[in-house]
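Listed below are the residues making up each chain.
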Amino acid sequence: MTEPVYETVEEWVTERFVPMYRRTLGGEFRWCAQWWRHAEAISRLTALWHAWEALRLEAGTGMGVWYRDHLDHQLPILLGARGPFYQCSEDEHLEPHLANIEPAPPGWWGSSTESASDSPADEPELDSHV
């Protein structure tokens, strides 16, 4: 197996992603210098890095596939005005808002150990294909 070019996502972001994929920031494109504080950004950048490491080894169209299937899809989401950095600027990190969560009431998910009578009468029918 071939060794990766970059050992960590941080190394890939610092040495490859930021220097290579430059955009005028503000307005349409957002970036946070503390990108590593954004879980979604870490996840998306890690996916890009792993795909880059794999597809760089594909002769011929590997990098073209990476651009089309990975970067071109992720970049507008990652840097977009409503993406993970939407509250930040290049100079200021603002902690992303975490949505409130309430647990479902007992029986809501129709556990096999609970009878149908445990479910609320007005419970919406859930599509079993979802």
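Thresholds applied
- Counting restarts for each chain, with residues numbered from 1 along the sequence as it is written.
- For this predicted model, a pLDDT threshold of at least 70 governs which residues receive local features, and a threshold of 80 or more governs which side-chain atom pairs are given and counted, while totals over whole chains, interfaces and linings are taken from all residues.
- To obtain the side-chain values, all non-hydrogen atoms of the structure were used and water was disregarded.
- Each aromatic pair joins two rings of Phe, Tyr and Trp (for Trp, the six-membered one) with centres within 6.5 Å, and gets the label stacked for planes under 30 degrees apart, edge-to-face for over 60, and tilted for any other angle.
- The way it works is that DSSP assigns letters per residue, a run of H or I at least four long becomes a helix, a run of E at least two long becomes a strand, and they are numbered from the N terminus.
- Here, over-ring charges are defined by two tests on the NZ atom of lysine or the CZ atom of arginine: distance to the ring centre within 6 Å, and angle to the ring normal within 35 degrees.
- Note that bend, as reported per residue, equals the angle between axes fitted to the 7 residues terminating at that residue and the 7 residues originating from it.
- Classification of residues uses two cut-offs on accessible area relative to the type maximum, computed with a 1.4 Å probe and protein chains only: under 20% is buried, over 50% is exposed, and between them is partly exposed.
- The contact definition used throughout considers only heavy atoms, calling two residues in contact when any of these lie within 4.5 Å.

Applying the stated rule across the entire model yields 6 aromatic pairs. Pairing Trp31 with Phe85 gives two aromatic rings, centres 5.0 Å apart and planes at 65 degrees, and the pair type is edge-to-face. Of this pair, Trp31 sits in the loop between helix H1 (9-20) and helix H2 (39-55) while Phe85 sits in the segment after helix H3 (62-78), placing them 54 residues apart in sequence. Members of the aromatic cluster, joined through ring pairs, are Trp12, Phe17, Trp31, Trp66, Tyr67 and Phe85. Over the ring of Tyr86 we find Arg82, and its NZ or CZ is 4.6 Å from the ring centre.

We now examine H3. The axis of H3 is deflected most strongly, by about 40 degrees, at Leu71. For H3, the set of buried residues is Gly62, Trp66, Leu71, Gln74, Leu75 and Leu78. Among the structural elements, H1 and H2 are those in contact with the buried residues of H3.

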